[in-house]
Amino acid sequence: MFIFWLFVSIMGVFCPCSGEDLLHAYSPGDIIIGGLFPIHIQTNRNTTPGPLTCRNYDLQMFLRTQVMIYAISEINQRTPRVLPNFTIGYDIYDTCGDVSLAIRATLQLLTPESCLEPSLVPPALPEPKTKAVIGERYSEVSVAVARVVALSAVTQISYGSTSELLSKKLKFPTFLRTVSSDEYQTKAIAELVWQFKWQTVVIVGSDDEYGKYGRDSLVDIFSQMKDVCVEFTIILPGYFSQNNNQTQNLLHSLVTNISKSSAEAIIIFTKDVNAGIIMEAAIKHNLNRTWIASDAWSTYTKLSAMPGIEKAGEVFGFISQRHEVPGFKDYIISMFNGTTNAILEDYLNLCSNPAEENKESNCSLNSQEGSEQCLDLSCLASYIDQDESFNIYLAVQVIVEGLRRLLKCDNHKCERNATFTALELLMEIKKVNFTVKTTHIFFDSNGDPSLGYDIVYWNMTEQGTNIKTIGVFWPGQKIKVPEDLVKLRQVAVTAYNCSKTCKPGQELKNQGKMCCNDCVPCADREFSAENGGKCKNCGPDQYSSPQRDKCVNKTDEFLQWSDPFTIILSSSGVFGIIASIVFSILFAIYHSTPIVKAVGGYLCFLELFSLLVCFCLTFSFSGRPTVASCMVSLPLFGIAFTLCISCILANLLQILVGFNFDLKIGPWVQKLNKPMAVVTIVSGIQVALCVPWLFLSPPKPTQQHFDKTILHLCDSGSMNFFIAMLGYIAFLAIVSFLFAFKGKQLPDLYKNASLITTSMLLFLIIWILLIPIYINLVGVYKQAIESAAILISSYSILGCHLAPKCYIMMFRKEINNERAITEHIRKHYEQNDMAVK
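About the cut-offs
- Residues numbered from 1 in each chain as written.
- Predicted model: local features only at pLDDT ≥ 70, side-chain atom pairs only at ≥ 80, totals over all residues.
- Heavy atoms only, no water.
- Phe/Tyr/Trp six-rings, centres within 6.5 Å; stacked < 30°, edge-to-face > 60°.
- Helix = DSSP H or I, 4+ residues; strand = E, 2+ residues; numbered from the N terminus.
- Buried < 20%, exposed > 50% of the residue type's maximum accessible area, 1.4 Å probe, protein only.
- Lys NZ or Arg CZ within 6 Å of the ring centre and 35° of its normal.
- Pairing = 2+ DSSP bridges.
- Axes fitted to C-alpha atoms, helices over the stretch in contact; angles between N-to-C directions.
- Salt bridge = Lys/Arg side-chain N within 4 Å of Asp/Glu carboxyl O.
- 1 Å grid on protein atoms, 1.4 Å probe; cavity = no way out; pocket = protein on both sides within 12 Å on 5 of 7 lines; lining within 4 Å.
- Points joined across faces, edges and corners; volume = space filled by probe spheres on them.
- Core = buried A, V, L, I, M, F, W, Y, C linked by side-chain atoms within 4.5 Å.
- Contact = heavy atoms within 4.5 Å.
- Parallel < 35°, antiparallel > 145°, perpendicular 65-115°, else oblique.
- Left-handed = near helix turned anticlockwise from the far one by under 90°.
- Nonpolar A, V, L, I, M, F, W, Y, C, P; charged D, E, K, R; others polar.

Student: Help me understand the packing of aromatic side chains in this model?
Tutor: Aromatic ring pairs are defined here through the distance separating the ring centres and the angle between the ring planes. Across all of its chains, the model carries 20 aromatic pairs by this definition. Taking 6.3 Å as the distance between ring centres and 55 degrees as the angle between the ring planes, the aromatic pair formed by Trp-693 and Phe-722 counts as tilted. Here the residue Trp-693 occupies a position in helix α20 (residues 675–696), and Phe-722 occupies one in helix α21 (residues 719–743), the gap between them amounting to 29 residues. Phe-722 carries the same exposure label as Trp-693, and that label is buried. An aromatic cluster of at least three residues, connected via ring pairs, comprises Tyr-57, Phe-62, Tyr-70, Phe-328, Tyr-331, Phe-336 and Tyr-347. Sitting over the ring of Trp-194, Lys-197 keeps its end group 4.7 Å from the ring centre.

Student: Is there a simple way to explain the sheet that holds strand β28 (residues 709–715) in this structure?
Tutor: To summarise the sheet geometry, strands pair through backbone hydrogen bonds and adopt either a parallel or an antiparallel arrangement. With mixed pairing, 3 strands are arranged side by side in an open sheet as β26-β28-β27. Because the sheet does not close on itself, it has two edges, and the strands there are β26 (555–557) and β27 (700–705). The sheet shows a mean angle of 30 degrees between the axes of neighbouring strands, direction not considered. Bridge count between β27 and β28: 6 bridges; the pairing is antiparallel.

Student: In this structure, what is going on with the pairing of β28? I would like to understand it.
Tutor: A regular strand places its side chains so that they alternate between the two faces of the sheet. Most of β28 is tucked away, with 6 of its 7 residues classed as buried. Relative to β28, β26 is paired through 3 bridges, and the arrangement is parallel. If you follow Asp-556 over to β28, its bridge partner there is Ile-710. If you look at the hairpin formed by β27 and β28, you'll find 3 residues sitting between the two strands.

Student: Quick question: what am I supposed to make of the pattern of salt bridges here?
Tutor: Think of it this way: side chains of opposite charge can pair up when their charged atoms draw near. Tallied over the full model, the rule gives 17 salt bridges. One salt bridge connects Asp-385 with Arg-64, and the closest N-O pair in it is separated by 2.9 Å. One end of the pair, Asp-385, is in the loop between β15 (374–375) and α12 (388–407); the other, Arg-64, is in helix α2 (residues 59–77), and 321 residues separate them in sequence. A single burial state applies to Asp-385 and to Arg-64, both of which are buried. In this structure, the salt-bridge partner of Glu-183 is Lys-187, at a minimum N-O distance of 3.7 Å. In this pair, Glu-183 and Lys-187 both sit in helix α5 (residues 182–195), 4 residues apart, roughly one turn of the helix. For Lys-187, a relative accessible area of 39% puts it in the partly exposed group. What emerges from the salt-bridge pattern is a single network uniting Arg-64, Arg-137, Asp-272, Asp-385, Asp-387 and Glu-388.

Student: What is the right way to look at empty space enclosed by the protein in this model?
Tutor: Gaps left between atoms show up when a probe the size of a water molecule is rolled over them. Under the definition given, this model contains 5 cavities of 30 Å³ or more. Estimated volume of the largest cavity: approximately 160 Å³. Around the largest cavity sit 19 residues that line it, and Arg-137, Tyr-138, Gly-160, Tyr-210 and Ala-296 are the ones nearest its centre. Elements with a contribution of two residues or more to the lining of the largest cavity: α4 (139–149), β13 (313–320) and α12. If one sorts the elements of the lining of the largest cavity by residue count, α4 sits on top with 3 residues.

Student: Just to check I follow, could you spell out the nonpolar core for this structure?
Tutor: One broad rule of soluble globular proteins: the nonpolar side chains tend to lie buried together. Counting 68 residues, the largest nonpolar core has Phe-587, Phe-637, Phe-641, Met-725 and Leu-798 as its most contacted members. For this core, the element with the highest residue contribution is helix α18 (residues 627–658), accounting for 13 residues. With 67 residues, the next largest nonpolar core counts Ile-31, Val-82, Ile-92 and Leu-451 among its residues.

Student: Explain the side chain of Thr-65 here, please?
Tutor: Considering the arrangement of structural elements, one finds Thr-65 in helix α2. Setting aside residues no more than four positions away along its own chain, Thr-65 makes contact with Phe-37, Ile-39, Ile-92 and Ile-343.

Student: Whenever I open this one, the packing of α2 against helix α11 (residues 342–350) confuses me. Can you help?
Tutor: Here α2 crosses α11 at 150 degrees, and the two axes come no closer than 10 Å. Taken together, the axis directions place α2 and α11 in an arrangement best described as roughly antiparallel. Considering only the axes of α2 and α11, their crossing is left-handed. Here α2 contributes Leu-59, Phe-62, Thr-65 and Gln-66 to the contact with α11, which in turn contributes Ile-343, Leu-344 and Tyr-347. Taken together, the residues that form the contact of α2 with α11 break down as 5 nonpolar, 2 polar and no charged.

Student: Got a minute to help me understand the layout of surface pockets in this structure?
Tutor: The space that makes up the largest pocket amounts to roughly 720 Å³. As for the largest pocket, its lining consists of 33 residues, of which Thr-301, Ser-304, Ser-382, Thr-465 and Ile-467 are closest to the centre. Secondary-structure elements contributing two or more residues to the lining of the largest pocket are α9 (301–304), α10 (328–333), β18 (453–461) and β19 (464–473). Looking at which element gives the most residues to the lining of the largest pocket, the answer is β19, with 4 residues. For the lining of the largest pocket, a count of residues per class yields 13 nonpolar, 13 polar and 7 charged.

Such coordinate-based values are descriptive only and should not be taken to indicate function.
Quick look at the structure:
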């Protein structure tokens, strides 16, 4: 009640009471149906208060008012009668698409008898004679109208307002519509974008219930679609439709952003006036983009008839399913069957001057801003639309069906009289469920019908633009578009998509630009075989080709048998084996001679056996490493070489004991002169180190991955055991070196101590030099360094310690007897002035 009083107060201050300055048409009847149409689509509204005047006459809206008049007239004249004994009247107002004027017109519909003064408002609202209102077109205006008519429970049926906001029945309990909600239109638009594989879009909305809700709904839907990116959105302010300086500044910014964007489709979700301004700029700047039109302007002939519209680009659109209003075209062609009404008379007066510059004799509209759309009456039939016109016709049929149900009418009479409330009619209208021609109409709990959309395309030719239907969309179903058209559109590259056709080996990737992808080469060890496909990792044993289009298996690297270094090492090993065997034969032949006894007797055979094993082990470092080759190489070398040095150490002790005449230390040294015990104990310690090594953490084959190769080598396993093994050998070598150095002063005919000193010194120097090289070297020759170290160590003993003995056996047989040894010892002591007994 308070709200109604407030409306009346406002109207009483700003508006004349009679409402005669509002263009409207009235026809009396037992039951009045109101109509709200934006016959003029703009006003002179600005930030300065003042009287409003309407401008930009819309020919199609004029024709739509005539659809309502025609439909009501057809109902009244139909035989058999639809509402026997009742006549339907109408009261139609031009709202000029303005909220204030629409509210004013609505108040006139609800209170037609007299002008209500605030002080005279009765305690209860009077029952309005207008029982239902058809309109308004724009959602923003319908929201305001719905709040007013709800006060009197008057049914409002819109033919064009699609905003989802109007589905909220708690706010708008009396609002119904014969057009689908934007909930389905936005889903249909998203479906079209998905079908055509467009990946980047721009959304333009407007600062009203239609544009804002549509924009927000589209953004929500696209955010859930992984393959569609919204590059930017813009909400056009309320002043945009005024097309003033502010509009031009914003328009320039919008056009600049669109021309720079990578968007494959521009979605314009706003009313036709705003769309017209944008499309005019698109023509001027030759944007040549793909546009998706909402139902507010997808079939707006004023836009499609713009000169040079092809420069703007191609246009797809959605409109509620189109049907011809039965008989209306003939009605127009017949010059309205000789009838007239105030709105028709206004049009005739507007276009009555034959010299009017806007009068078009060729049945084409002047699409320039502000021009009056005058056509000869014979041309009007070609401008009848098939969407909103049919929705208006449908709204009339729905109201009449509700009346039939409420008044309990058959083809002959109605059981009730015309005394009923608007609320009663509302309840009956909500229950309607019938078919008009081929359209089945009923309302859900939100007041929305379950109607589909036609998908239209502006077919631009030299003869003009033909808006043709190319597909359909029904709520809850997939969009239906010809497959050949879909395939034609499903291309990876479009003129305005900065995504490129990538070569194999490149990934289509965002580089910080909004919705804009670039071809980025795949990184090392990645590949992309598809056009712009995601780079994938190669396997651990692979690397990417130079083109990054495939993975190539890495080359296995190890010390090949054919490698020159391997051949040298193998040859050296074979020679060492042969030498060891030959030396063993010689020592066996001369085993009873003094020289064999001088090198330890049977110990020399253990020494040669250990050297033979060491020479054989050099082959374990060549070829692809195996578990067996890795396990025997280092641990067995440690045991074998320790056995060799222990024999040398035992031999040295024999020499020291043999020539030591110091009675104080003689018994102590004598106790150590047990060769087998020394060899067993010294070698046993190394065995005690290597056996746990083999069981707990043995050397094993391993791989080192490089960019294009896989290096196969043996890992030493436990580094502690490895260091302990080498350290123990080094310790024995140092002890042997010290003992040998001390024994150099003794009268040894065969120079055993001196030769052992040299061989041990050589061993230590070799390992000191090779260990840093081994640690820092990477590659196949790391194994070769180990093999070379073993060979050189073995040859140092074979060549320095044993080879001279073989030389004496073969070529200096004269000193290989006991007499020569005795004579050498005597001369040694005589030279040192020592008595010899």
